[in-house]
Amino acid sequence: MVPGESVQEELVLMLRIFLILMIVVSVAGTAPLAQSNWPQFRGLDGGVIADTAAVPETWGPDENIAWTIDIPGRAWSSPIVWEEHVFVLTVMPASSDDLPLQPVQPTENYRARSLGGSMTGADIIKPTDNLEWVLFDVDFDTGAIRWQETLHTAVPSMPTHSKSTFASETPVTDGERVYVFLADIGLYAFDFSGNEVWSVDLQWVPRKDWGAASSPILHDGRLYVVNDSEAESYVAAYDAETGQEQWRVAREEGTNWSTPFVWENDVRAELVTTGTGGVRSYSLDGDLLWELHGMSSLVIPTPFAAHDLLFINSGYIADSTRPVYAVRAGASGDITLGEGSTSNDYIVWSHPQLGSYNPSSLVYGDYHYTLLDRGIMMCYDARTGQEVYPRQRVTAGTLFTASPWAYNGKIFALSEDGDTYVIKAGSEFEVLGRNSLDEMTLATPAIARGSIFLRTASKLYRISAD
């Protein structure tokens, strides 16, 4: 070997080592961000958290509780987290004094009757007193209230259901501002010091007397909202810095409660919305890209992506059609399945009765998990739709509304009784344990920096092993 060749080989080797180090540094620099913040409903990865020993797998009233604070009023909005800030939204009876930091006892006009369970017409809430919509900024480490701001005070013009609330929408943040969408009241932006940056007024509209729940989504400086009702339905985009409406597209829809999803795939970025009338995907400028019909008659679960597929789910319990669809990127036009078909050029697989009513489904590893409200879990291959195991009973005698989450080879399912069931992930079903907080909840938790933020009917818990 000539000397020049040896030097050249050494240079090539050094270059390879340098490139590997750059990749390691890049991954190390970006991975903590995704795990240290939980900026929106279900996080950035559809409820999946990177495996870590820092997040506890067991907890209870006297185990792994870093702090607990009382949250006044009642709302099923989920908490969100950005660095040292934990944001939580609530609605409560109005007070002429400073807002209390203890739970407010429900009045006859705003009572916590039948907070969970099945929905019945007897549980429609029709307040006649002023309510206050309040955003709290809670310190991550201590649980102290950094600030609290009232967004709106009014007597609601429309009722809601006792299983819903007047503040079921989860805020979203970009690390500079926190944004709150209240479908019947307005869209708000606050900085991290509690100053209102801008607001947009909205109007009360009929929603089958059940209230609203669709949360806002933030992407590349724009806020996207879906506002489906019995009067007027639309999807719209707003400039996150100014609140100016960028575009609005009318939708032929009745009331829905599903949060939209920005799907960044190999073909493009698109805004996916689900509804009773069908799935519609729009460009980020509001042009309709494709649609898919064949959903259940009430739509709540949120779309998400995994394994280069888009997963769509709806499963109203009274319907015979409760579908799950797995869609590949690049679709255009109407991709609705033909009669008797379970796949086509863009629908990789589907199942007509795999959908859930309230909880969004979960893809963890190779598997797609459906958690039914009645405490049943099903598992299918996420890429092919092949059954892994059929219906398995998680527990009986309670319902599930919160969406499941997963880490460390385990799935966590939070019941309305406040019990989190720990389930073995993979091809074999097994309930490994139960973590109880002895208070009911319908809110999906947030997980960030090794901590779980779990909201019950009156409290916010930071669950941590530290």
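What counts and what doesn't
- Residues numbered from 1 in each chain as written.
- Predicted model: local features only at pLDDT ≥ 70, side-chain atom pairs only at ≥ 80, totals over all residues.
- Heavy atoms only, no water.
- Helix = DSSP H or I, 4+ residues; strand = E, 2+ residues; numbered from the N terminus.
- Contact = heavy atoms within 4.5 Å.
- Polar contact = N/O pair within 3.5 Å; in protein donor to acceptor, adjacent residues only side chain to side chain.
- 1 Å grid on protein atoms, 1.4 Å probe; cavity = no way out; pocket = protein on both sides within 12 Å on 5 of 7 lines; lining within 4 Å.
- Points joined across faces, edges and corners; volume = space filled by probe spheres on them.
- Buried < 20%, exposed > 50% of the residue type's maximum accessible area, 1.4 Å probe, protein only.
- Salt bridge = Lys/Arg side-chain N within 4 Å of Asp/Glu carboxyl O.

*Asks:* Can you help me understand the environment of D334 in this one?
*Replies:* Among the secondary structure elements, D334 is positioned in strand β23 (residues 333–334). Considered as a pair, D334 and V279 are 55 residues apart in the sequence and their alpha carbons are 9.9 Å apart. Filtering out sequence-adjacent residues up to four positions away, D334 remains in contact with E291 and H293. Within polar-contact distance, the side chain of D334 engages the side chain of T336 at 2.5 Å.

*Asks:* Help me understand the layout of surface pockets, please; the structure alone is not making it clear to me.
*Replies:* With a probe scaled to a water molecule rolled over the atoms, the places where space remains empty come into view. The volume enclosed by the largest pocket comes to roughly 630 Å³. Lining the largest pocket we find 29 residues, and of these Q40, G43, L44, F261 and V262 sit closest to its centre. Looking at the lining of the largest pocket, the elements with two or more residues in it are α1 (3–36), β8 (172–173), β12 (217–219), β16 (261–264) and β20 (304–306). Of all the elements, β16 adds the most residues to the lining of the largest pocket, at four residues.

*Asks:* What is the right way to look at the environment of Q40 in this model?
*Replies:* Relative to the elements of secondary structure, Q40 occurs in the loop between α1 and β1 (65–70). Since its relative accessible area comes to 13%, Q40 is described here as buried. Taking C-alpha positions, Q40 is 8.5 Å from S78, a pair spaced 38 residues apart along the chain. Non-local contacts of Q40, meaning those with residues more than four positions away in its chain, are made with I80, P171, V172 and I217.

*Asks:* Honestly, the pattern of salt bridges in this entry has me stumped. Any pointers?
*Replies:* Under the defined criterion, the tally for this structure stands at 15 salt bridges. D70 serves as the salt-bridge partner of K459, at 3.8 Å between the closest nitrogen and oxygen. Taken together, the positions of K459 in strand β35 (residues 459–464) and D70 in strand β1 put the pair 389 residues apart, joining distant regions of the chain. Judged by relative accessible area, which is 25%, K459 ranks as partly exposed. A single network of salt bridges, built from pairs that share partners, joins E84, D141 and R449.

*Asks:* What is the right way to look at unusual backbone geometry in this model?
*Replies:* Leaving glycine aside, a negative phi is the common case for residues, and trans is the common case for peptide bonds. A positive phi angle, close to 50°, is found at E83, a residue other than glycine. On the secondary structure map, E83 appears in the loop between β2 (80–82) and β3 (85–93). For E83, a relative accessible area of 46% puts it in the partly exposed group.

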